[in-house]
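In case you want the letters, here they are:
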Amino acid sequence: MSFLDYIRPQRRLVILRMLSEIASHRTNTSVLVDGANHYGVVSTRDDVRTDVSWLAEQGLVRTEQLTDNVQLVVLTERGADVAEGRASVPGVRKPSPR
C-alpha cells in the first residue's frame, strides 16, 4: 500500500466530517483544502477536488459549480451517515469513536 492509498480514504473522511460540523452542511473546496491541511491531512486543491468528485459519484456529497474557480460542496444524508460511522463505504476510512 502506498502512502497515497493510505491518505486518500483519510482525506475523504475528513471532508465528510468537516461538512457534518458546519451548520449548513455546505462549503466550498477552498475551505475544505484549508481544513484538511489544518487537520494534518496535507492536501492540494487538486487532491480535494478529485476526492470531492469521487464522493459525489458515491452519493455522499452534491456539488454545484458557482464560478470557474469556486465549487460548492453539500453533504448528503448518506454522507452524514458515513461521517458519523453509521454507514461505511469502501474508499472512505471508518471514523474512530469521538
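See above for the structure.
Residues numbered from 1 in each chain as written. Predicted model: local features only at pLDDT ≥ 70, side-chain atom pairs only at ≥ 80, totals over all residues. Heavy atoms only, no water.

## Section: the pattern of salt bridges
Piece 1. Across all of its chains, the model carries 5 salt bridges by this definition.
Piece 2. The shortest N-O distance in the salt bridge between Asp-51 and Arg-12 comes to 3.1 Å. Here Asp-51 is found in helix H3 (residues 45–57), whereas its partner Arg-12 is found in helix H1 (residues 3–21), with 39 residues between them in sequence.
Piece 3. With a closest N to O distance of 3.0 Å, Arg-86 and Asp-81 form a salt bridge.
Piece 4. Asp-81 sits in the partly exposed class, given a relative accessible area of 28%.
Piece 5. Taken together, the shared-partner salt bridges connect Arg-11, Arg-12, Asp-47 and Asp-51 into one network. (Salt bridge = Lys/Arg side-chain N within 4 Å of Asp/Glu carboxyl O. Helix = DSSP H or I, 4+ residues; strand = E, 2+ residues; numbered from the N terminus. Buried < 20%, exposed > 50% of the residue type's maximum accessible area, 1.4 Å probe, protein only.)

## Quick word on the environment of Pro-90
Piece 1. In this structure, Pro-90 sits in the segment after helix H4 (77–83).
Piece 2. Each C-alpha atom, one on Pro-90 and one on Val-14, is 15 Å from the other, the two residues being 76 residues apart in sequence.

## Quick look at the sheet that holds strand E2 (residues 61–65)
Piece 1. The 3 strands lie next to each other as E1-E3-E2, forming an open sheet whose pairing is antiparallel. Strands with a single pairing partner mark the edges of an open sheet, and in this sheet they are strand E1 (26–28) and E2. Ignoring strand direction, the axes of neighbouring strands in this sheet form an average angle of 25°.
Piece 2. Relative to strand E3 (residues 71–75), E1 runs antiparallel, the two being bridged by 3 bridges. From the neighbouring strand, Arg-26 faces E3, where its bridge partner is Val-74.
Piece 3. In the packing of H1 onto the sheet, contacts are made with E1, E2 and E3, and the angle to E3 comes to roughly 80°.
Piece 4. Against the sheet, helix H2 (residues 29–38) touches E1 and E3, its axis set at about 90° to E1. (Pairing = 2+ DSSP bridges. Axes fitted to C-alpha atoms, helices over the stretch in contact; angles between N-to-C directions. Contact = heavy atoms within 4.5 Å.)

## Describing a nonpolar patch on the surface
Piece 1. Side chains of Met-1, Phe-3 and Tyr-6 sit close together on the surface and give an oily, nonpolar patch of about 450 Å² of accessible area.
Piece 2. For Phe-3, the position within the fold is in helix H1.
Piece 3. Residue classification places Phe-3 among the exposed residues on the basis of a relative accessible area of 60%. (Patch = residues over 30% accessible without salt bridge, like charges linked within 9 Å, V, L, I, M, F, W, Y side chains within 5 Å. Areas by Shrake-Rupley, 256 points an atom, 1.4 Å probe, with all protein chains shown as cover.)

## Description of the packing of H2 against H3
Piece 1. As a packed pair, H2 and H3 sit with axes 9 Å apart at the nearest point and diverge in direction by 110°. On the basis of the axis angle, H2 is roughly perpendicular to H3. Helix-helix and strand crossings are classified by hand; for H2 and H3 the assignment is right-handed. Within the contact between the two elements, H2 uses Thr-29, Ser-30, Leu-32 and Val-33 and H3 uses Arg-45, Val-48, Arg-49 and Val-52.
Piece 2. When grouped by side-chain class, the residues that make up the contact of H2 with H3 number 4 nonpolar, 2 polar and 2 charged. (Parallel < 35°, antiparallel > 145°, perpendicular 65-115°, else oblique. Left-handed = near helix turned anticlockwise from the far one by under 90°. Nonpolar A, V, L, I, M, F, W, Y, C, P; charged D, E, K, R; others polar.)

So far we have only geometry, and geometry alone does not tell us how the molecule works.
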